Amino acid sequence: MLVVMEEGATEAQTEAVIDRLVEMGFTVHRSTGVRHTVLGGVGPQDDFDPAVLEVLDGVKECHRIVSAYKLASRHFKPAGTIIKIRDVEIGGPAIVTMAGPCSVESDQQIEACAEFVAKGGARVIRGGAFKPRSSPYSFQGLGEHGLQIMRRAADRHNLLVVSEVMDQVQIPLLVEYSDILQVGARNMQNFNLLRELGKIRKPVLLKRGIAATIEELLLSAEYIMSGGNYEVMVCERGIRTFETATRNTMDISAIPVLKRLTHLPVIADPSHGTGKRDCVLPMARAAIAAGADGLLVEVHPDPDRAASDGAQTLRPDQYQEMMRETARVAEAVGRRPA
Ligand code: PEP
Ligand code: MN
(Lines give C-alpha, C1' and ligand atoms only; values in the text may rest on other atoms or scores of the structure.)
(Ligands and ions follow the chains in the order given, each with its own letter.)
Protein backbone atom coordinates (compact mmCIF):
# COMPACT_ATOMS: atom_id res chain seq x y z
CA MET A 1 0.00 0.00 0.00
CA LEU A 2 1.30 3.41 -0.96
CA VAL A 3 -0.07 6.54 0.70
CA VAL A 4 1.01 9.88 -0.75
CA MET A 5 0.50 12.75 1.71
CA GLU A 6 -0.59 16.22 0.57
CA GLU A 7 2.08 18.86 0.12
CA GLY A 8 2.00 20.64 3.48
CA ALA A 9 0.40 17.78 5.41
CA THR A 10 1.21 18.19 9.10
CA GLU A 11 3.34 15.79 11.10
CA ALA A 12 0.27 14.98 13.23
CA GLN A 13 -1.71 14.03 10.11
CA THR A 14 1.14 11.85 8.87
CA GLU A 15 1.43 10.18 12.28
CA ALA A 16 -2.31 9.50 12.30
CA VAL A 17 -2.11 7.76 8.92
CA ILE A 18 0.88 5.72 10.11
CA ASP A 19 -1.10 4.66 13.21
CA ARG A 20 -4.04 3.63 11.04
CA LEU A 21 -1.79 1.58 8.73
CA VAL A 22 -0.17 -0.14 11.72
CA GLU A 23 -3.65 -0.91 13.12
CA MET A 24 -4.47 -2.54 9.79
CA GLY A 25 -1.42 -4.79 10.11
CA PHE A 26 1.06 -2.97 7.88
CA THR A 27 4.71 -2.28 8.59
CA VAL A 28 5.26 1.32 7.56
CA HIS A 29 8.31 2.72 5.75
CA ARG A 30 8.48 6.44 5.26
CA SER A 31 10.04 8.28 2.33
CA THR A 32 10.31 12.05 2.56
CA GLY A 33 10.48 13.66 -0.87
CA VAL A 34 10.95 17.31 -1.76
CA ARG A 35 7.18 17.88 -1.96
CA HIS A 36 5.41 14.84 -0.62
CA THR A 37 5.87 12.35 2.14
CA VAL A 38 5.14 8.85 0.87
CA LEU A 39 4.22 6.05 3.27
CA GLY A 40 4.83 2.52 2.10
CA GLY A 41 2.71 0.02 3.98
CA VAL A 42 4.01 -3.52 3.64
CA GLY A 43 1.67 -6.19 4.85
CA PRO A 44 0.21 -9.54 4.04
CA GLN A 45 -3.23 -8.32 3.01
CA ASP A 46 -3.71 -6.22 -0.09
CA ASP A 47 -7.43 -6.91 -0.41
CA PHE A 48 -9.08 -3.88 1.08
CA ASP A 49 -10.45 -0.63 -0.26
CA PRO A 50 -7.76 2.08 -0.46
CA ALA A 51 -10.57 4.64 -0.15
CA VAL A 52 -10.63 4.08 3.63
CA LEU A 53 -7.20 5.70 3.77
CA GLU A 54 -7.88 8.33 1.13
CA VAL A 55 -10.50 10.02 3.36
CA LEU A 56 -8.02 10.60 6.19
CA ASP A 57 -6.83 14.20 6.73
CA GLY A 58 -3.72 15.16 4.82
CA VAL A 59 -3.86 12.21 2.40
CA LYS A 60 -3.50 13.07 -1.28
CA GLU A 61 -3.87 9.62 -2.80
CA CYS A 62 -3.52 5.98 -2.05
CA HIS A 63 -2.58 3.05 -4.28
CA ARG A 64 -2.03 -0.64 -4.05
CA ILE A 65 1.52 -1.56 -5.04
CA VAL A 66 1.13 -4.28 -7.61
CA SER A 67 4.80 -5.24 -7.99
CA ALA A 68 6.19 -8.05 -5.84
CA TYR A 69 8.73 -5.65 -4.36
CA LYS A 70 7.44 -2.47 -2.70
CA LEU A 71 10.20 -0.42 -1.08
CA ALA A 72 12.53 -0.96 -4.03
CA SER A 73 9.85 0.18 -6.49
CA ARG A 74 10.16 3.56 -8.13
CA HIS A 75 6.56 4.30 -7.09
CA PHE A 76 7.78 4.48 -3.50
CA LYS A 77 10.38 7.14 -4.30
CA PRO A 78 9.86 8.61 -7.77
CA ALA A 79 12.82 11.00 -7.58
CA GLY A 80 15.47 8.30 -7.17
CA THR A 81 17.74 7.48 -4.26
CA ILE A 82 21.04 9.25 -3.82
CA ILE A 83 23.42 7.45 -1.48
CA LYS A 84 25.78 9.94 0.11
CA ILE A 85 28.99 8.65 1.62
CA ARG A 86 31.24 11.46 2.82
CA ASP A 87 31.47 13.76 -0.23
CA VAL A 88 30.56 11.07 -2.77
CA GLU A 89 27.01 10.87 -4.10
CA ILE A 90 25.92 7.66 -5.83
CA GLY A 91 22.72 7.93 -7.87
CA GLY A 92 23.04 11.68 -8.47
CA PRO A 93 24.12 13.40 -11.68
CA ALA A 94 27.74 12.24 -11.34
CA ILE A 95 28.97 8.82 -12.45
CA VAL A 96 30.92 7.12 -9.66
CA THR A 97 33.66 4.66 -10.60
CA MET A 98 34.73 1.95 -8.17
CA ALA A 99 38.00 0.37 -9.29
CA GLY A 100 40.55 -1.96 -7.80
CA PRO A 101 41.83 -5.51 -7.91
CA CYS A 102 39.65 -8.58 -7.82
CA SER A 103 41.46 -9.62 -4.62
CA VAL A 104 43.54 -7.71 -2.11
CA GLU A 105 46.92 -9.47 -2.37
CA SER A 106 49.57 -7.43 -0.56
CA ASP A 107 50.44 -4.03 0.87
CA GLN A 108 52.42 -3.06 -2.22
CA GLN A 109 49.73 -4.23 -4.65
CA ILE A 110 46.88 -2.38 -2.93
CA GLU A 111 48.95 0.79 -2.43
CA ALA A 112 49.90 0.83 -6.13
CA CYS A 113 46.24 0.31 -7.05
CA ALA A 114 44.99 3.04 -4.73
CA GLU A 115 47.47 5.49 -6.18
CA PHE A 116 46.58 5.06 -9.84
CA VAL A 117 42.87 4.50 -9.16
CA ALA A 118 42.62 7.82 -7.30
CA LYS A 119 44.70 9.60 -9.93
CA GLY A 120 42.37 8.43 -12.70
CA GLY A 121 39.28 9.81 -10.97
CA ALA A 122 37.61 6.82 -9.27
CA ARG A 123 36.19 7.68 -5.84
CA VAL A 124 35.97 4.15 -4.47
CA ILE A 125 38.53 1.35 -4.33
CA ARG A 126 37.27 -2.22 -4.66
CA GLY A 127 39.01 -5.38 -3.55
CA GLY A 128 37.94 -8.70 -2.13
CA ALA A 129 39.33 -9.86 1.20
CA PHE A 130 36.89 -12.77 1.37
CA LYS A 131 36.73 -14.35 -2.08
CA PRO A 132 33.91 -16.58 -3.36
CA ARG A 133 35.97 -18.87 -5.61
CA SER A 134 34.46 -21.61 -7.73
CA SER A 135 37.24 -23.95 -6.58
CA PRO A 136 38.17 -24.48 -2.92
CA TYR A 137 41.81 -24.76 -4.07
CA SER A 138 41.92 -21.23 -5.54
CA PHE A 139 43.17 -18.21 -3.55
CA GLN A 140 40.52 -17.44 -0.93
CA GLY A 141 41.57 -13.91 0.08
CA LEU A 142 43.55 -12.36 2.94
CA GLY A 143 40.58 -11.92 5.29
CA GLU A 144 40.80 -9.23 7.97
CA HIS A 145 44.41 -8.39 7.13
CA GLY A 146 43.30 -7.65 3.55
CA LEU A 147 40.62 -5.29 4.82
CA GLN A 148 43.12 -3.50 7.07
CA ILE A 149 45.66 -2.85 4.34
CA MET A 150 42.99 -1.77 1.85
CA ARG A 151 41.50 0.66 4.40
CA ARG A 152 44.91 2.21 5.01
CA ALA A 153 45.66 2.56 1.29
CA ALA A 154 42.19 4.04 0.68
CA ASP A 155 42.64 6.59 3.46
CA ARG A 156 46.03 7.66 2.10
CA HIS A 157 44.39 8.44 -1.26
CA ASN A 158 41.01 9.75 -0.06
CA LEU A 159 39.05 6.82 -1.49
CA LEU A 160 36.02 4.97 -0.16
CA VAL A 161 36.19 1.18 0.17
CA VAL A 162 33.82 -1.46 -1.22
CA SER A 163 34.43 -5.10 -0.31
CA GLU A 164 32.48 -8.32 -0.36
CA VAL A 165 30.74 -9.90 2.60
CA MET A 166 30.22 -13.64 2.09
CA ASP A 167 28.61 -14.59 5.37
CA GLN A 168 26.72 -13.04 8.29
CA VAL A 169 29.67 -13.65 10.64
CA GLN A 170 31.84 -11.31 8.53
CA ILE A 171 29.42 -8.35 8.77
CA PRO A 172 31.09 -6.66 11.81
CA LEU A 173 34.50 -6.75 10.08
CA LEU A 174 33.16 -5.29 6.86
CA VAL A 175 31.26 -2.61 8.79
CA GLU A 176 34.50 -1.68 10.55
CA TYR A 177 36.75 -1.45 7.49
CA SER A 178 34.61 -0.70 4.44
CA ASP A 179 32.18 2.01 3.39
CA ILE A 180 30.06 -0.18 1.12
CA LEU A 181 29.35 -3.88 1.67
CA GLN A 182 29.22 -5.91 -1.53
CA VAL A 183 26.96 -8.95 -1.86
CA GLY A 184 28.30 -11.16 -4.63
CA ALA A 185 26.38 -12.86 -7.41
CA ARG A 186 26.60 -16.20 -5.63
CA ASN A 187 24.97 -14.77 -2.52
CA MET A 188 22.19 -12.71 -4.13
CA GLN A 189 19.62 -15.09 -2.75
CA ASN A 190 21.29 -15.84 0.57
CA PHE A 191 18.23 -14.55 2.38
CA ASN A 192 19.67 -14.90 5.89
CA LEU A 193 22.62 -12.72 4.86
CA LEU A 194 20.29 -10.18 3.21
CA ARG A 195 18.12 -9.96 6.35
CA GLU A 196 21.19 -9.33 8.51
CA LEU A 197 22.30 -6.58 6.11
CA GLY A 198 18.88 -4.99 6.61
CA LYS A 199 19.82 -4.41 10.24
CA ILE A 200 22.99 -2.42 9.61
CA ARG A 201 23.16 1.20 8.49
CA LYS A 202 25.82 1.04 5.78
CA PRO A 203 25.27 1.02 2.02
CA VAL A 204 25.08 -2.33 0.27
CA LEU A 205 26.09 -3.09 -3.34
CA LEU A 206 23.93 -6.03 -4.40
CA LYS A 207 25.10 -7.95 -7.46
CA ARG A 208 22.76 -9.79 -9.76
CA GLY A 209 22.97 -13.58 -9.52
CA ILE A 210 24.20 -15.44 -12.59
CA ALA A 211 20.74 -16.88 -13.25
CA ALA A 212 18.60 -14.23 -11.58
CA THR A 213 15.83 -12.27 -13.22
CA ILE A 214 15.57 -8.53 -12.71
CA GLU A 215 12.54 -9.11 -10.48
CA GLU A 216 14.51 -11.54 -8.32
CA LEU A 217 17.31 -8.98 -8.00
CA LEU A 218 14.81 -6.36 -6.83
CA LEU A 219 13.20 -8.81 -4.41
CA SER A 220 16.63 -9.40 -2.91
CA ALA A 221 17.07 -5.63 -2.55
CA GLU A 222 13.64 -5.63 -0.87
CA TYR A 223 14.90 -8.12 1.75
CA ILE A 224 17.60 -5.64 2.80
CA MET A 225 15.28 -2.62 2.66
CA SER A 226 12.48 -4.28 4.59
CA GLY A 227 14.87 -4.40 7.55
CA GLY A 228 15.21 -0.61 7.40
CA ASN A 229 18.49 -0.32 5.47
CA TYR A 230 17.39 1.71 2.45
CA GLU A 231 20.87 2.37 1.07
CA VAL A 232 21.08 -0.35 -1.53
CA MET A 233 22.55 -0.16 -5.03
CA VAL A 234 21.97 -2.91 -7.56
CA CYS A 235 24.64 -4.15 -9.95
CA GLU A 236 24.41 -5.75 -13.39
CA ARG A 237 27.43 -8.08 -13.73
CA GLY A 238 26.44 -10.42 -16.54
CA ILE A 239 24.29 -13.52 -16.53
CA ARG A 240 24.89 -17.05 -17.72
CA THR A 241 23.59 -17.79 -21.20
CA PHE A 242 24.41 -20.32 -23.94
CA GLU A 243 27.13 -17.96 -25.20
CA THR A 244 30.68 -19.05 -24.46
CA ALA A 245 32.65 -16.28 -26.24
CA THR A 246 32.48 -14.18 -23.07
CA ARG A 247 32.58 -15.32 -19.42
CA ASN A 248 29.03 -14.00 -18.90
CA THR A 249 26.56 -12.17 -21.08
CA MET A 250 26.41 -8.58 -19.91
CA ASP A 251 22.76 -7.56 -19.95
CA ILE A 252 22.97 -3.88 -20.88
CA SER A 253 19.18 -3.80 -21.32
CA ALA A 254 18.85 -4.56 -17.60
CA ILE A 255 20.17 -1.05 -16.92
CA PRO A 256 17.29 0.98 -18.43
CA VAL A 257 14.80 -1.61 -17.15
CA LEU A 258 16.15 -1.27 -13.61
CA LYS A 259 16.19 2.53 -13.86
CA ARG A 260 12.47 2.42 -14.72
CA LEU A 261 11.47 -0.15 -12.08
CA THR A 262 13.51 1.04 -9.12
CA HIS A 263 14.70 4.27 -7.52
CA LEU A 264 17.91 2.56 -6.36
CA PRO A 265 21.24 3.50 -8.01
CA VAL A 266 22.30 1.10 -10.76
CA ILE A 267 25.95 0.07 -11.07
CA ALA A 268 27.49 -1.85 -13.98
CA ASP A 269 30.39 -4.31 -13.75
CA PRO A 270 31.87 -4.83 -17.22
CA SER A 271 34.77 -6.90 -15.79
CA HIS A 272 32.69 -9.85 -14.54
CA GLY A 273 30.12 -8.96 -17.21
CA THR A 274 32.47 -10.03 -19.99
CA GLY A 275 35.49 -11.74 -18.40
CA LYS A 276 37.70 -10.18 -21.07
CA ARG A 277 39.99 -7.21 -20.64
CA ASP A 278 39.46 -5.90 -24.18
CA CYS A 279 35.67 -5.89 -23.72
CA VAL A 280 35.71 -3.80 -20.55
CA LEU A 281 36.13 -0.36 -22.12
CA PRO A 282 33.39 -0.75 -24.76
CA MET A 283 30.96 -2.22 -22.24
CA ALA A 284 31.77 0.52 -19.71
CA ARG A 285 30.92 3.09 -22.39
CA ALA A 286 27.72 1.21 -23.23
CA ALA A 287 26.67 0.99 -19.58
CA ILE A 288 27.04 4.74 -19.03
CA ALA A 289 25.19 5.45 -22.26
CA ALA A 290 22.39 3.13 -21.10
CA GLY A 291 21.95 5.06 -17.85
CA ALA A 292 24.16 3.40 -15.23
CA ASP A 293 24.99 5.54 -12.18
CA GLY A 294 28.37 3.97 -11.66
CA LEU A 295 30.95 1.39 -12.68
CA LEU A 296 32.65 -1.42 -10.79
CA VAL A 297 35.86 -2.34 -12.58
CA GLU A 298 38.82 -4.63 -11.88
CA VAL A 299 42.30 -3.09 -12.25
CA HIS A 300 45.75 -4.25 -11.17
CA PRO A 301 49.32 -2.89 -11.54
CA ASP A 302 50.27 -6.20 -13.23
CA PRO A 303 47.07 -8.06 -14.20
CA ASP A 304 48.89 -10.99 -15.75
CA ARG A 305 50.19 -11.83 -12.28
CA ALA A 306 46.90 -11.18 -10.44
CA ALA A 307 45.85 -13.81 -7.90
CA SER A 308 42.35 -13.90 -9.42
CA ASP A 309 40.48 -12.74 -12.53
CA GLY A 310 43.58 -11.43 -14.35
CA ALA A 311 42.07 -11.98 -17.80
CA GLN A 312 39.31 -9.41 -17.16
CA THR A 313 41.50 -6.97 -15.24
CA LEU A 314 42.67 -3.67 -16.77
CA ARG A 315 46.27 -2.46 -16.74
CA PRO A 316 46.78 1.05 -15.33
CA ASP A 317 47.04 2.58 -18.83
CA GLN A 318 43.83 0.84 -19.94
CA TYR A 319 42.08 2.08 -16.81
CA GLN A 320 43.17 5.67 -17.50
CA GLU A 321 41.85 5.35 -21.04
CA MET A 322 38.54 3.95 -19.76
CA MET A 323 38.18 6.89 -17.37
CA ARG A 324 38.78 9.39 -20.19
CA GLU A 325 36.40 7.62 -22.55
CA THR A 326 33.57 7.15 -20.04
CA ALA A 327 33.84 10.81 -19.04
CA ARG A 328 33.12 11.73 -22.67
CA VAL A 329 30.13 9.39 -22.81
CA ALA A 330 28.86 10.72 -19.48
CA GLU A 331 28.95 14.24 -20.84
CA ALA A 332 27.14 13.14 -24.02
CA VAL A 333 24.24 11.77 -21.96
CA GLY A 334 23.99 14.74 -19.60
CA ARG A 335 26.04 13.31 -16.75
CA ARG A 336 29.55 14.01 -15.51
CA PRO A 337 32.30 12.03 -13.76
CA ALA A 338 32.28 12.27 -9.93
C1 PEP B 1 33.70 -9.55 -7.35
O2 PEP B 1 33.20 -8.46 -7.69
O3 PEP B 1 34.81 -9.64 -6.84
C4 PEP B 1 32.93 -10.79 -7.58
C5 PEP B 1 33.29 -11.93 -7.00
O6 PEP B 1 31.90 -10.64 -8.41
P7 PEP B 1 30.59 -11.55 -8.65
O8 PEP B 1 29.99 -11.81 -7.30
O9 PEP B 1 29.75 -10.68 -9.53
O10 PEP B 1 31.05 -12.79 -9.33
MN1 MN C 1 36.73 -10.79 -9.67
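Computed from a predicted structure; not experimentally measured.

Engineer: Can you lay out the site of ligand 1 for me, pointing to particular residues and giving the numbers?
Structural biologist: Every residue near ligand 1 is listed here: Arg126, Lys131, Pro132, Glu164, Gln182, Gly184, Ala185, Arg186, Lys207, Arg237, His272 and Glu298. Within the side chain of Lys131, a nitrogen or oxygen atom sits 3.0 Å from an oxygen atom of ligand 1. With respect to ligand 1, the side chain of His272 contributes an N or O atom lying 3.5 Å from an oxygen atom. A total of 300 Å² of accessible area belongs to ligand 1 in isolation, and the protein chains cover 97% of it. Residues of the shell around ligand 1, tallied by class, amount to two nonpolar, three polar and seven charged.

Engineer: Lay out the pairing of strand E11 (residues 204–207) with the relevant residues and their values.
Structural biologist: Side chains Val204 and Leu206 of E11 all project onto a buried face; the interleaved residues Leu205 and Lys207 project onto the opposite face, where all are buried too. As paired strands, strand E10 (residues 180–183) and E11 are joined by three bridges and run parallel to one another. Of the residues in E11, the one forming a bridge with Leu181 is Val204. Chirality of the crossover, the property in question, places the unit of E10, helix H6 (residues 191–197) and E11 among those that are right-handed.

Engineer: Please provide a residue-by-residue account of unusual backbone geometry, values included.
Structural biologist: The phi angle at Arg86 is positive, at roughly 50 degrees, despite the residue not being glycine. Within the element layout of this structure, Arg86 appears in the loop between strand E5 (83–85) and strand E6 (88–90). Residue Arg86 is classed as partly exposed on the basis of its relative accessible area, which comes to 46%. For Asp309, which is not glycine, the phi dihedral falls at a positive 55 degrees. Inspection of the secondary structure puts Asp309 in the loop between strand E14 (294–298) and helix H11 (316–332).

Engineer: Describe the coordination of the manganese ion (ligand 2), listing the residues and the values that go with them.
Structural biologist: Reference values for coordination geometry: four tetrahedral donors around a metal ideally subtend 109.5 degrees, six octahedral donors ideally subtend 90 or 180 degrees. Taken together, the protein ligands of the manganese ion (ligand 2) are Cys102 (SG), His272 (NE2), Glu298 (OE) and Asp309 (OD), with distances of 2.0 to 2.4 Å. All donors to the manganese ion (ligand 2) come from one chain, and their sequence spacing reads C-x169-H-x25-E-x10-D. Pair noted here: Cys102 is in the loop between strand E7 (94–100) and helix H3 (107–120) and Asp309 is in the loop between E14 and H11, with a separation of 207 residues, a long-range link. The exposure classification of Cys102 matches that of Asp309, with both residues buried.

Engineer: An account of the pattern of salt bridges is needed here, citing residue identities and associated values.
Structural biologist: Scanning the model with the defined rule gives 21 salt bridges in all. The salt bridge partner of Glu23 is Arg20, with a shortest N-O separation of 3.2 Å. You can see Glu23 and its partner Arg20 sitting in helix H1 (residues 11–23), three residues apart, about one turn around the helix. Taking relative accessible area as the criterion, Arg20 reaches 31% and is therefore assigned partly exposed. Ionic pairing is found between Arg335 and Asp293, a salt bridge with its closest N-O pair at 2.7 Å. Placement of Arg335 in the loop between H11 and strand E15 (336–337) and of Asp293 in the loop between helix H10 (277–289) and E14 is noted, with a sequence separation of 42 residues between them. Salt bridges here are not isolated pairs; linked through shared partners, they connect Arg151, Asp155 and Asp179.

Scoring rules and cut-offs
Residues numbered from 1 in each chain as written. Chains lettered and ligands numbered in written order. Predicted model: local features only at pLDDT ≥ 70, side-chain atom pairs only at ≥ 80, totals over all residues. Heavy atoms only, no water. Near = heavy atom within 4 Å. Polar contact = N/O pair within 3.5 Å; in protein donor to acceptor, adjacent residues only side chain to side chain. Areas by Shrake-Rupley, 256 points an atom, 1.4 Å probe, with all protein chains shown as cover. Nonpolar A, V, L, I, M, F, W, Y, C, P; charged D, E, K, R; others polar. Buried < 20%, exposed > 50% of the residue type's maximum accessible area, 1.4 Å probe, protein only. Helix = DSSP H or I, 4+ residues; strand = E, 2+ residues; numbered from the N terminus. Pairing = 2+ DSSP bridges. Right-handed = clockwise from strand over helix to strand, strands pointing away. Donors = N, O, S within 2.8 Å, 3.2 Å for Na, K, Ca; no water. Salt bridge = Lys/Arg side-chain N within 4 Å of Asp/Glu carboxyl O.

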